[in-house]
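Tertiary structure, described
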Amino acid sequence: MAAIDRFRLDGRVALVSGGSRGLGRVMAGALASAGALVALTARDRHRAEEAAAEVARDTGAEVIGLGVDVTKAAEVEAAVGEAISTLGKLDILINNAGINIRRPIEQLEEAEWDLVLDTNLKGSWLFCRAAVPAMKRNGWGRILNVSSMLGEVGLAERTPYCSSKGGMTLLTRTLALELAPFKINVNALCPGPFATEINLPLLNDPEKKAAMESRLPIGRWGDPEELGPAALFLCSEASSYMTGATLFIDGGFTAQ
Ligand code: NAD
């Protein structure tokens, strides 16, 4: 097979959580453009369906939208079931849904810690648990956990976020060991700062925006479109000998 053909996803079915906007939307588009059938999820089913129609229009692929709150086990199970019954099977899972609450530790509520951990870490675990049986049946699978450069290095005033993303890195490694015999590869993608809604508190503050830029060797925030090719690599046959790995797309932040 020619190297470029190893990136094709014809006949594959993918599910992307939190796929109605931001990085999830870009990754859903990248997989669809390579030939995959895609289910993208959002808490609001209507928003998911709208985004799915747009990605389908842009790529020509079949894309469906599903409503699911990733913190709710029953909704996660139902979404995986619906993706399989509508699209036929499930080969690829991208755990992308995530939130951040930034504040000094003594100003954070216990409920805020729970929400960040439940969304980022437990939500990813729930989706893995729901998707693995279908991937085992296929004898092939890819799980991509969207962690963060802040799963590797800390940044002040982000205790719940950094803890959740560090957890996602170890979830990735542990599951990679468990699933390697089934030809299911599990990897983590660790973005640096990208200009999306999750970062509006920084992007809308010129001082904070510039402070982040000054810490980036590449000297600028990431464009969400720069994440798509990396997701495609990790979700395709192009990364067949890679599992339990973390790939940093972070403008060089963690190289320092
Ligand atoms: P975003 O805020 O645009 O996207 C987050 C998505 O998660 C949204 O679609 C949101 O609706 C969804 N979501 C949140 N809580 C949910 C829940 N309970 N159930 C279902 N969906 C839920 O931001 P983004 O930058 O696109 O973030 C995507 C992922 O990338 C997140 O996991 C984030 O932590 C990670 N990440 C982002 C950056 C960055 O700089 N943008 C850096 C590192 C990691």
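This text follows the structure it describes.
Residues numbered from 1 in each chain as written. Predicted model: local features only at pLDDT ≥ 70, side-chain atom pairs only at ≥ 80, totals over all residues. Heavy atoms only, no water.

Let's shift gears to the packing of helix 1 (residues 22-33) against helix 8 (residues 228-235). It is at 8 Å that the axes of helix 1 and helix 8 come closest, and there the two elements cross at 55°. One finds that helix 1 runs oblique with respect to helix 8. Where helix 1 crosses over helix 8, the two elements pack in a sense that is right-handed. Contacts from Val26, Met27, Ala30 and Leu31 in helix 1 reach Gly228, Ala231, Leu232 and Cys235 in helix 8. Each residue belonging to the contact of helix 1 with helix 8 can be placed in one class, and the counts come to seven nonpolar, one polar and no charged. (Axes fitted to C-alpha atoms, helices over the stretch in contact; angles between N-to-C directions. Helix = DSSP H or I, 4+ residues; strand = E, 2+ residues; numbered from the N terminus. Parallel < 35°, antiparallel > 145°, perpendicular 65-115°, else oblique. Left-handed = near helix turned anticlockwise from the far one by under 90°. Contact = heavy atoms within 4.5 Å. Nonpolar A, V, L, I, M, F, W, Y, C, P; charged D, E, K, R; others polar.)

Counting residues in each nonpolar core, the largest one holds 33 residues, and the members touching the most others are Leu31, Val38, Val63 and Ile94. Counting only elements with at least two residues in this core, the list comes to strand 1 (13-16), helix 1, strand 2 (37-42), helix 2 (45-59), strand 4 (92-95), strand 5 (141-146) and helix 8. Core analysis: the next-biggest nonpolar cluster, separate from the first, contains 30 residues, Val80, Leu93, Ala130 and Leu175 among them. (Core = buried A, V, L, I, M, F, W, Y, C linked by side-chain atoms within 4.5 Å. Buried < 20%, exposed > 50% of the residue type's maximum accessible area, 1.4 Å probe, protein only.)

Enumeration over the complete set of coordinates arrives at one aromatic pair. Seen from their ring centres, phenylalanine 7 and phenylalanine 233 are 6.3 Å apart, and the 35° between their planes marks the pair as tilted. Taken together, the residues span a long stretch of sequence, with phenylalanine 7 in the segment before strand 1 and phenylalanine 233 in helix 8 at a distance of 226 residues. On the basis of relative accessibility, which here comes to 24%, the residue phenylalanine 233 falls in the partly exposed class. The ring of phenylalanine 182 carries lysine 136 above its face, with NZ or CZ at 4.3 Å from the centroid. (Phe/Tyr/Trp six-rings, centres within 6.5 Å; stacked < 30°, edge-to-face > 60°. Lys NZ or Arg CZ within 6 Å of the ring centre and 35° of its normal.)

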